[in-house]
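Residue strings, one per chain:
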Amino acid sequence: QVELVESGGGLVQAGGSLRLSCAASGRTFYSYTKGWFRQAPGKEREFVAAISAKGDTTNYADSVKARFTISKDSAENTWYLQMNHLTPEDTAIYYCATAWANPGARKPSEYQYWGQGTQVTVSS
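Cut-offs used in this document
Residues numbered from 1 in each chain as written. Predicted model: local features only at pLDDT ≥ 70, side-chain atom pairs only at ≥ 80, totals over all residues. Heavy atoms only, no water. Disulfide = S-S within 2.5 Å. Helix = DSSP H or I, 4+ residues; strand = E, 2+ residues; numbered from the N terminus. Buried < 20%, exposed > 50% of the residue type's maximum accessible area, 1.4 Å probe, protein only. Pairing = 2+ DSSP bridges. Axes fitted to C-alpha atoms, helices over the stretch in contact; angles between N-to-C directions. Contact = heavy atoms within 4.5 Å. Phe/Tyr/Trp six-rings, centres within 6.5 Å; stacked < 30°, edge-to-face > 60°. Lys NZ or Arg CZ within 6 Å of the ring centre and 35° of its normal.

Before going further, it helps to spend a moment on the state of the cysteines. Summed over all chains, the structure comprises one disulfide. The disulfide that involves C22 links it to C96, with 2.1 Å between the sulfurs. The sign of the 55° torsion about the S-S bond sets the C22-C96 disulfide as right-handed. Here C22 is found in strand 3 (residues 18–25), whereas its partner C96 is found in strand 9 (residues 92–99), with 74 residues between them in sequence. Accessibility classification places C22 together with C96 in one group, the buried group.

Our focus in this paragraph is the sheet that holds strand 7 (residues 68–72). If you trace the four strands from one edge of the open sheet to the other, you get 1-3-8-7, paired in antiparallel fashion. Looking at which strands have only one partner, the edges of the open sheet turn out to be strand 1 (3–7) and strand 7. Neighbour-to-neighbour, the strand axes of this sheet turn through a mean angle of 15°, independent of strand direction. The sheet contact formed by strand 1 and strand 3 spans five bridges and is antiparallel. By the bridge assignment, V5 is partnered in strand 3 with A23.

Checked against the element boundaries, A50 lands in strand 5 (residues 46–51). A50 gets classed as buried once you look at its relative accessible area, which sits at 0%. For the pair formed by A50 and A99, sequence separation is 49 residues and the distance between their alpha carbons is 9.5 Å. Apart from residues lying up to four places away in sequence, A50 is in contact with T33, K34, G35, T57, T58, N59, I70, P103 and Y111.

One pass over the structure, following the stated rule, counts nine aromatic pairs. A ring pair is formed by F29 and Y113, whose centres lie 5.4 Å apart and whose planes are at 75°; its orientation type is edge-to-face. Here the residue F29 occupies a position in the loop between strand 3 and strand 4 (33–39), and Y113 occupies one in strand 10 (residues 113–114), the gap between them amounting to 84 residues. Aromatic ring contacts, followed pair by pair, group F37, F47, Y95, Y111 and W114 into a single cluster. Taking NZ or CZ as reference, R27 lies 5.5 Å from the ring centre of F29, over its face. The positively charged end of R45 is found above the aromatic ring belonging to W114, 4.8 Å away from the centroid.

Dropping the structure here:
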């Protein structure tokens with residue numbers, strides 16, 4: 001059974017940093033794009049970042065570009081989201097996901113496997 005588990009969320013002050021991790025199990029995702037999405041209360045789930053299967057291409061939402069960095073480890077089944085200079089607008093539940101698609105995929109419907117989410121709260 002495929003399972004994606006996020007960790008690393010929490011409460012942080014504005015300007016602080018957090019590092020999210022996503023650990024996948026149940027199959028290998030060597031050829032899959034790995035991504036992060038977020039959903040704030042009352043809002044739709046939105047794309048945050050993605051990294052290609054080879055790790056040579058990344059894609060970011062404009063709102064997080066230059067502040068967030070997505071990466072993955074060589075084992076292919078773990079990827080990360082380093083979040084710096086956090087603002088209250090970054091408060092949301094963050095989800096990791098994988099897609100049998102190129103890293104340009106930004107729609108939730110393009111991603112096949114999802115984690116349960118981890119809460120990130122940024123206080124002002």
